[in-house]
Amino acid sequence: MANLKEIRGRISSISSTMQITRAMKMVSAAKLKKAQDAIVMLRPYSEKLQEIIQNVNSSSDPDQVSIYAQKREVKRVLFIAVTSNRGLAGAFNSNVVKELNIQFQKNAQYEIEVLTIGKKAYDAVRKTRSVYSNESAVFDNLNFEAVSNLTEAAMSSFKEGKFDEVYVIYNKFINAATQEVTTEQVLPILMAEVDPTEPQVETDYIFEPNRAEILDNLIPKSIKTQVFKAVLDSVASEHGARMTAMHKATDNAQELKNDLVIFYNKARQAAITNEILEIVSGAEALKNS
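An account of the accompanying structure is given in this report.

So, about the overall build of the chain. For the chain, the helix and strand inventory stands at five helices and five strands. Order of helices (α) and strands (β) in the chain, N terminus to C terminus: α-β-α-β-α-β-α-β-β-α. Here the chain holds 289 residues, and the buried ones make up 38% of them. In the chain, the proportion of contacts linking residues at least 24 apart, taken out of those at least 6 apart, comes to 76%. Surface accessibility of the chain: about 16800 Å² in total, with carbon and sulfur atoms responsible for 52%.

Taken as a whole and judged by the stated rule, the model has eight salt bridges. Where E160 meets K162, a salt bridge forms, and the shortest distance between an N and an O atom there is 3.6 Å. A salt bridge links E184 to K229; its shortest N-O distance comes to 3.6 Å. A residue pair is termed long-range when its members are at least 10 positions apart, and E184 in strand β5 (residues 178-187) and K229 in helix α5 (residues 211-288) qualify at 45 residues.

Here we take up helix α2 (residues 92-106). The end-to-end C-alpha distance of α2, which contains 15 residues, comes to 22 Å, matching closely the 21 Å that a straight helix rising 1.5 Å per residue would cover. Within α2, the full set of buried residues consists of F92, N93, V96, V97, E99, L100, Q103 and F104. For α2, the angular spread of buried residues about the axis comes to 160°, placing them on one side. Structural note: α2 exposes K98, Q105 and K106 on the side pointing more than 90 degrees away from its buried face.

Between its terminal C-alpha atoms helix α4 (residues 144-159) stretches 21 Å, which fits the 22 Å expected from 16 residues at 1.5 Å a residue. Taken together, the buried positions of α4 are occupied by V147, S148, L150, T151, A154, M155, S157 and F158. Residue G161 follows α4 closely and has a positive phi angle near 90°.

Thresholds, definitions, all that
- Residues numbered from 1 in each chain as written.
- Predicted model: local features only at pLDDT ≥ 70, side-chain atom pairs only at ≥ 80, totals over all residues.
- Heavy atoms only, no water.
- Helix = DSSP H or I, 4+ residues; strand = E, 2+ residues; numbered from the N terminus.
- Buried < 20%, exposed > 50% of the residue type's maximum accessible area, 1.4 Å probe, protein only.
- Contact = heavy atoms within 4.5 Å.
- Areas by Shrake-Rupley, 256 points an atom, 1.4 Å probe, with all protein chains shown as cover.
- Salt bridge = Lys/Arg side-chain N within 4 Å of Asp/Glu carboxyl O.
- Expected span 1.5 Å × (residues − 1).
- Arc of directions from axis to C-beta.

Okay, here's the thing in structure tokens:
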């Protein structure tokens, strides 16, 4: 019977775990809707803004190209790694860390620093790499201004020559079950690619008051929006990954619970059968005595 008591305890423990994982799944599903709406609304704006900036810079006089678009010899690189502050989201955080390590190997000839957004990224790199800044607190009150401030710090460092390239690594939200680890170049901003074999269609822009003033305002805003988009993508991906992970955990717990219930019923049936046999044997022994 002690064995049956142990099995009952395990079944009860698994049931409690199922309640937790099911609740976490429901919370993530509710948060996912809001996060998904935010990134779906921002993504077209961010991509169109980047496209305009790239086209205008490509058609500009080389001497008038923004400082944020100027390429120089690469010596120092900054990676902005976006993860979450919490775990229990499957491979969501580890995939970013894995991609970050791949980038470390690819750029081993350069001096590398990391700006971490999320405690998981900070914990993964703080012992082995130089951390430029840990901005995990940005998730406490996530908004454009908070992300804009940390992006502006990276832009100032690029402008001052402390870094020659800046990249952001994050999980791009595809759907609730799929997230794609993405590495995007933030600085210098990329120029529009021109294929010399194809006829070129010139994009005609009308500038008011003038090209220089508009670019001076649009380019920093485009860079900040790009990083903000990456953070929102990561937030939506986190909730999707956690919802999927908790769904699988609940299913696995249910399967384990079903197996234990079957095992418990079999053991209980065997124990009852043994007790009946003992009673019958005792009765037969009394009858024959």
